[in-house]
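The residues making up each chain are set out below.
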Protein chains: 2
Amino acid sequence: MKNIITQWILLMLTGCILVTANLTQAAQELNLMPIPEQVVQTHSSFRLDEQFTALVQGNPDNRIYEYTTNTLRRLAGRTGLFLPQDFITRSSKCEHPRMEINVQRPGKVELGEDESYQLLVTETAVTLNAATDIGAMRGLETLLQLLDADEKGYFFHTVEINDRPRFPWRGLMIDACRHFMPVDMVKRNLDGMAAVKLNVMHWHLSEDQGFRVECNTFPQLHLQGSDGLYYTQAQIKDIIQYAANRGIRVMPEFDIPGHATSWLVAFPELASAPGPYTIERKWGVFDPTFNPTIEATYTFFDRFFAEICTLFPDDYMHIGGDENSGKQWDTNPDIQAFMQANNIKDNHTLQSYFNGRLLAILEKNHKKMVGWDEILHPGMPKSIVIQSWRGRESLIDAARQGYRTILSNGYYIDLMQPTAFHYLNDPMPADMPLTDQEKQCILGGEATMWAEYVSPETVDSRIWPRTAAIAERLWSPGTVRDLADMFRRLNITSFRLEELGLTHIKNHDMMLRRLTNNQDIVPLQTLVELLEPVKIYTRGAQRDYTSYSPLTRVVDAAIADAPVAREFCELVDNYLAEPARGEHSAEILKQHLQIWKDNHDKLLPVIKTSPILAEIESLSLDLANCAAIGLTALDNIGQHKRPDKKWLDEQLSILKQAGAPRAQTELMVIPGIEKLVRYTAGH
Amino acid sequence: MKNIITQWILLMLTGCILVTANLTQAAQELNLMPIPEQVVQTHSSFRLDEQFTALVQGNPDNRIYEYTTNTLRRLAGRTGLFLPQDFITRSSKCEHPRMEINVQRPGKVELGEDESYQLLVTETAVTLNAATDIGAMRGLETLLQLLDADEKGYFFHTVEINDRPRFPWRGLMIDACRHFMPVDMVKRNLDGMAAVKLNVMHWHLSEDQGFRVECNTFPQLHLQGSDGLYYTQAQIKDIIQYAANRGIRVMPEFDIPGHATSWLVAFPELASAPGPYTIERKWGVFDPTFNPTIEATYTFFDRFFAEICTLFPDDYMHIGGDENSGKQWDTNPDIQAFMQANNIKDNHTLQSYFNGRLLAILEKNHKKMVGWDEILHPGMPKSIVIQSWRGRESLIDAARQGYRTILSNGYYIDLMQPTAFHYLNDPMPADMPLTDQEKQCILGGEATMWAEYVSPETVDSRIWPRTAAIAERLWSPGTVRDLADMFRRLNITSFRLEELGLTHIKNHDMMLRRLTNNQDIVPLQTLVELLEPVKIYTRGAQRDYTSYSPLTRVVDAAIADAPVAREFCELVDNYLAEPARGEHSAEILKQHLQIWKDNHDKLLPVIKTSPILAEIESLSLDLANCAAIGLTALDNIGQHKRPDKKWLDEQLSILKQAGAPRAQTELMVIPGIEKLVRYTAGH
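Residues numbered from 1 in each chain as written. Chains lettered and ligands numbered in written order. Predicted model: local features only at pLDDT ≥ 70, side-chain atom pairs only at ≥ 80, totals over all residues. Heavy atoms only, no water.

A.B. asks: I'd like to hear about the overall build of chain A, residue by residue, with values.
C.D. replies: A tally of helices and strands in chain A yields 27 helices and 18 strands. A compact globule built from 683 residues should have a C-alpha radius of gyration of about 26 Å, and chain A, at 27 Å, falls within 12% of that. Overall, chain A is about 80 × 70 × 50 Å in size when its C-alpha atoms are taken along their principal axes. The buried share of chain A, reckoned over its 683 residues, is 63%. (Helix = DSSP H or I, 4+ residues; strand = E, 2+ residues; numbered from the N terminus. Rg over C-alpha atoms; globule rule 2.2 N^0.38 Å. Buried < 20%, exposed > 50% of the residue type's maximum accessible area, 1.4 Å probe, protein only.)

Here you go:
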């Protein structure tokens, strides 16, 4: 956590001056995300009509038939065309198919499987070739992104695409513990992942705040540790199947030895300090930790993982290992005696001993161990995988020592940072100080959706669309780094994700309706479009939250990358680069500012009758005042007036005050207005 | 079906002249739906703050603790208040609770259970008393509807409410066969049902188009009859528990002997004509029917129901029985011989024989039989329940013969009829020609959501909010019939249902975004707000649909009771009642008409780049033309001009043409504009 802020600032600076991109012109014109490795565009069209049919050939897994059927449904849904095929199965016949899907063999849902495909769209036919049905599914998503329309109807752009992922491990971590995430949330996000070619769902299933898996061996784990909010084994199997049908691995995480309060509710005797324990309701790093020095702990985990490793078929098992405070170990005399007797010099080494014991258990159950970067310790075998979260250094360290590793540092989407920051965060930038062999250790990365401040209602708006940009970083060539083009395509991708049931767009207005108590939402929307939630770990520092605090306030409706604010600030930059030729830009800026100036009078009556909005009243007023300042500045610039220093100082003081976070949000247009003010004052 | 149209016209006429209502003034000022039996409003407030706590006392079922916890979450969600309680359980302590919930005994989720409650809100305390926890849950929903806000904050209106339902059977039928409805759709609609105090989910689980239940006895039923779209037994149990936790019964329907194609895919030998059979893809009444004359049929059902009656704990089992075409029976010589040998004179009697055999099987499994009104036959015992759908006559017939009965005729929400029609459709109007004893047979009613033309994406917008009006009909005193007040409360109720995850509002804009290919949706919205899908059974008559046809066109985004159109037509009536005093009304009408007149120019470019909208181009143009006519008519009226007959005829001809359905929708403002035109011409 400590390094994240400086890293972020550094990367933002880098981002601002970054314009490189060996992006082919072809790919830029299309709306593909992630951009394929090779695209040749032939600038014609395959017209889609009600004769469009598909045939799957070769030797695929059954999953491709359902995926193809769903592809036809999505095409029909977008176009309104009554496509002729019902449910495509292995025994389906199709004479003269317009689309042929050729698959050589069933894909395995495991790390490193071939996901490449070749997609050829001519004026008369669509041909999709892939070694595995998983590759074919990736290709079908690309085909769906090639759909376009003109006055004559719908069509696919004609192309020849050869594509394969840059990294084999492209994940999204879903924390179902801080707030429980129901099955439908997981499923719709699996659909979203497949749409942008992610292939690992890392499922964070145990925490201080909840143990989320039905455990038959130790049913008290879920009965006492979950408030009744857990996944049944039937649901877990269903989700794993659902993911597999999209070529997505499901890697579970059981976070030990720290972050373990919910386990210890039922098993206080395994803790490093006396109980009793209750489910943790607050956020943070807590002390309850398994006792690594008693055999009962390993007997417990031996039986636990025997069951769990069967339930989850993936080769990898994540054991967490992060943020062990060590306090319970420091104060337990038996543990201290054990360390002395066994020549264990510090807590990190003791945790490494614990990990080693666990490793044996996992290996017995044919699993490879994954953990957060704290598990990196000289004694560990090279089979483990290190998930780098505290800083990029641990990624490089691990690779240099020959450990395989995945990057999450810089992909913490819960921290409400801008898309550009995540997008430019490359697991293996061109100047990575590693040998070719060491580079092989870098498997990819994972976006992490920690769930302190998200509910099932808001979580999609934190995952999407930013995770699509991360997905591109992990799939596309490293040279694909054009921010403007990324934002153009991200906007379209975000819209398209709605067809999968994702709620990141539609829940926004719903939340505004609730916030206004069903009054006109436009004035509130005008403000919220300019607000972002406070970033990094500020939110929890400003107010004490529990796991049952409401997540329905303005801060929860606000999103990262407040879109109107970003556009406004960009426009200010463009305008100020050459104000004399910026009449049109100035006009648009004025329109924005005039609306904001007038907005407070419209929003105030809404605030007065919807007390949940009281906390933004001063923000709304500040926006009006700052917009007035911006209008004055624009007028000055247009009329070549230069106000004096006193005026400047007064305005800057007002702007500074307006830039202060309130209601755990911040006004993102202040920097743009400040630039106008400084410009007119000659600063 | 045949009687529905005339019935509807008749009831609409009745509705227009209906103004009665013994509604207390108190209830009218509140936003309660359904309106309670007795409300005394004491015109003060209980202020809600962050000290609000709840205590459950007495001897309830565990479900009330979760329900109370969820009630606190919903209050926190609306108000942003950080309420202090985490998860309320039987062992929760709470000193000085602000809300006391007193329950005498655990409720049974069965027909006729006590759902009454008393809710007392004073300035200092909330007290909820109920015989059962089910009654308490109904009271908690009422409390949630009492929440209001002013500048000082949130509060409950102070009241004394004594409430209980008018009818014990208040249902919503969900057809999961024509289109499969996933678990989350069922759950969010169960939440919606509980919010408006419905207590039966009738689950239509087998049809020509699909068999939707995992059957262990005969797995080929779901494996061959469902395209993989079925509920596992674990999911069914989960849903039944979820419903029970809301005091809602789940009554399954297995529709036999007709509507049976999907069963016969795996068991053609049980059909009345030789197979093979494939899953039906079209809509309508089909011939495949079980053979009631062979013992194999009863052996099959004996084993089938032995499993199914255990899976579903409700006392009632619905066996369908509707729309048996009889064609396979007429043409099967063995069946004809059987009828002759057994002195069975017609198909209805043969079906009654079949039902009698089934009845014995159900009774052996401790179930009471329910069926559509076709099952009414002199020989049947009085234990069965008749669901009246073909006409109100069958309801009266059944009651007169001493059969218990529920009304669905008039509650077919799939037919896109107006809320007022459903609302005024009373299972037991004041002039019902029945004795008091016969009236006891009328148990209530059910809204039926047949699923030919709905997908999981659109279905909520067909169920809600109209089903809330039906729920009021079934719960509230029969004298509650004020349409204007109902619409006022329905609007608020509809908005509140969003907090339960229902998608009837939020999916609308999402569909418009897809229809416009993510362009500005306002022009399309302006048109769609005035459109309704064609009603009754017109949609299928206009175009051939299959079970996999897209349901993403304008007709699917349009809703019943196009709200802006209704308001416009009402305003026309008000204005024309006294034009001299209607300057303000005329101004609003002009604003509407001007927007519509200008809308086509804005919508046309969207249509041109989004071919799925091509089918509404002429509707959009017609709206512009008709709006221009309306403006002329308004001007004439204002200036006391009277145009000649030729003008009138020309305008009426244009309006008539504009009133013709296209894209399976119709423009609902034409009647209003026509009234303006006729008025100005002196007609």
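Next comes the rest of the account.
A.B. asks: Residues and numbers for the interface of chain A and chain B, please.
C.D. replies: In this complex, chain A contributes 53 residues to the contact, which on the side of chain B involves 53 residues. Counting every contact that joins chain A to chain B gives eight salt bridges. Notably, a salt bridge pairs Glu498(B) with Arg513(A), separated by 2.7 Å at the nearest N-O pair. Counting across the interface, chain A meets chain B through 14 residue pairs in polar contact (both at pLDDT 80 or more). Mapped onto the side of chain A that touches chain B, the elements with two or more residues apiece are helix H3 (63–79), strand S6 (147–150), strand S7 (153–163), helix H7 (233–244), helix H18 (483–497), helix H19 (506–515) and helix H24 (583–609) of chain A. With six residues, H19(A) is the single largest residue contributor to the side of chain A that touches chain B. (Contact = heavy atoms within 4.5 Å. Salt bridge = Lys/Arg side-chain N within 4 Å of Asp/Glu carboxyl O. Polar contact = N/O pair within 3.5 Å; in protein donor to acceptor, adjacent residues only side chain to side chain.)

A.B. asks: Would you mind going over the packing of helix H5 (residues 183–195) of chain A against H7(A) in detail, with residue names and values included?
C.D. replies: Residue and element names in this part refer to chain A. It is the contact of H5 with H7, at a shortest axis distance of 10 Å, that shows an interaxial angle of 10°. Put simply, H5 runs roughly parallel to H7. Facing Val183, Val186, Lys187, Leu190 and Asp191 of H5, the residues of H7 in contact are Gln235, Asp238, Ile239, Tyr242 and Ala243. Partitioning the contact of H5 with H7 into residue classes produces six nonpolar, one polar and three charged. (Axes fitted to C-alpha atoms, helices over the stretch in contact; angles between N-to-C directions. Parallel < 35°, antiparallel > 145°, perpendicular 65-115°, else oblique. Nonpolar A, V, L, I, M, F, W, Y, C, P; charged D, E, K, R; others polar.)

A.B. asks: For the relation of the copies chain A and chain B, give the residues involved together with the corresponding values.
C.D. replies: Superposing chain A onto chain B takes a rotation of 180° combined with a translation of 0.0 Å along the rotation axis, leaving an RMSD of 0.0 Å. These values place the two chain copies in the arrangement generated by a two-fold rotation axis. Measuring from the rotation axis to each C-alpha of chain A, the shortest distance belongs to Lys506(A), at 2.8 Å. Both copies contact each other with a shared surface, as 100% of the interface residues of chain A are interface residues in chain B too. (Least-squares fit on C-alpha atoms with pLDDT ≥ 70 in both.)

A.B. asks: So, the packing of aromatic side chains: which residues are in play, and what are the values?
C.D. replies: Each aromatic ring pair is specified by the distance between its two centres and by the angle formed by the two planes. Summed over the entire model, instances satisfying the criterion amount to 76 aromatic pairs over all chains. Plain terms: the ring middles of Tyr298(A) and Tyr353(A) are 6.3 Å apart, the flat faces sit at 85° to each other, and that makes the pair edge-to-face. With Tyr298(A) in helix H9 (residues 295–311) and Tyr353(A) in helix H12 (residues 347–364), this residue pair connects regions lying 55 residues apart in the sequence. Residue Tyr298(A) is classed as buried on the basis of its relative accessible area, which comes to 5%. With centroids separated by 4.9 Å and ring planes inclined at 75°, the aromatic side chains of Phe211(B) and Trp263(B) adopt a geometry described as edge-to-face. In this pair, Phe211(B) sits in strand S10 (residues 210–211) while Trp263(B) sits in helix H8 (residues 261–264), placing the two residues 52 residues apart along the sequence. By the burial criterion, Phe211(B) is buried, and Trp263(B) matches it. Against the face of Tyr403(A) rests Lys382(A), its NZ or CZ located 4.4 Å from the ring centre. Across the ring face of Phe87(B), the terminal group of Arg73(B) is positioned such that the distance to the ring centre comes to 5.0 Å. (Phe/Tyr/Trp six-rings, centres within 6.5 Å; stacked < 30°, edge-to-face > 60°. Lys NZ or Arg CZ within 6 Å of the ring centre and 35° of its normal.)

A.B. asks: Provide a residue-level description of the packing of helix H25 (residues 617–638) of chain B against helix H27 (residues 670–680) of chain B, including the pertinent values.
C.D. replies: Residues and elements named next belong to chain B. Put simply, H25 and H27 touch, their axes get as near as 9 Å, and they point 35° apart. Crossing of H25 against H27: the hand is left-handed. Contacts between H25 and H27 pair Cys626, Ala627, Ile629, Gly630, Ala633, Leu634, Asn636 and Ile637 from the former with Ile670, Ile673, Leu676, Val677, Tyr679 and Thr680 from the latter. Partitioning the contact of H25 with H27 into residue classes produces 11 nonpolar, three polar and no charged. (Left-handed = near helix turned anticlockwise from the far one by under 90°.)

A.B. asks: Report on the domain arrangement of chain A, specifying residues and quantitative values.
C.D. replies: Residue and element names in this part refer to chain A. Annotation of chain A at the domain level lists domain 1 (2–163), domain 2 (177–457) and domain 3 (507–681). Put simply, the middle of domain 2 and the middle of domain 3, counted by C-alpha atoms, are 39 Å apart. In this assembly, 16 residues from domain 2 lie in contact with 22 residues from domain 3. Of the roughly 1600 Å² buried between domain 2 and domain 3 on both sides combined, carbon and sulfur atoms contribute 57%. Broken down residue by residue, the surface that domain 2 buries against domain 3 is led by Met416, Tyr453 and Glu457, which jointly contribute 46%. Linking domain 2 with domain 3 are one salt bridge, by the criterion used here. With its nearest N and O atoms 2.3 Å apart, the salt bridge here joins glutamate 457 to arginine 514. (Domains from an automatic or database assignment. Buried area = accessible area lost by both parts, 1.4 Å probe.)

A.B. asks: I'd like to hear about the environment of Leu83(B), residue by residue, with values.
C.D. replies: In this structure, Leu83(B) sits in the loop between helix H3 (63–79) and strand S3 (99–105). Those residues in contact with Leu83(B) that lie beyond four places of it in its chain are Tyr548(A), Asp49(B), Glu50(B), Phe52(B), Leu72(B), Leu75(B) and Ala76(B).

A.B. asks: Describe the pairing of strand S2 (residues 54–58) of chain B, listing the residues and the values that go with them.
C.D. replies: Residue and element names in this part refer to chain B. The sheet contact formed by S2 and S3 spans five bridges and is parallel. Each residue of the ladder has a partner; that of valine 56, found in S3, is isoleucine 101. For the crossover that starts at S2, traverses H3 and ends in the parallel S3, the hand is left-handed. (Pairing = 2+ DSSP bridges. Right-handed = clockwise from strand over helix to strand, strands pointing away.)

A.B. asks: Before we move on, can you summarise H7(A) with the specific residues and values?
C.D. replies: In a regular helix each residue adds 1.5 Å, so 12 residues correspond to 16 Å; H7(A) covers 16 Å between its end C-alpha atoms and thus fits that length. All of the buried residues in H7(A) are Gln233(A), Gln235(A), Ile236(A), Ile239(A), Ile240(A), Tyr242(A), Ala243(A) and Ala244(A). On its buried face, H7(A) sits against H3, H5, strand S9 (200–207), strand S11 (249–254) and H9 of chain A together with helix H7 (233–244) of chain B. (Expected span 1.5 Å × (residues − 1).)

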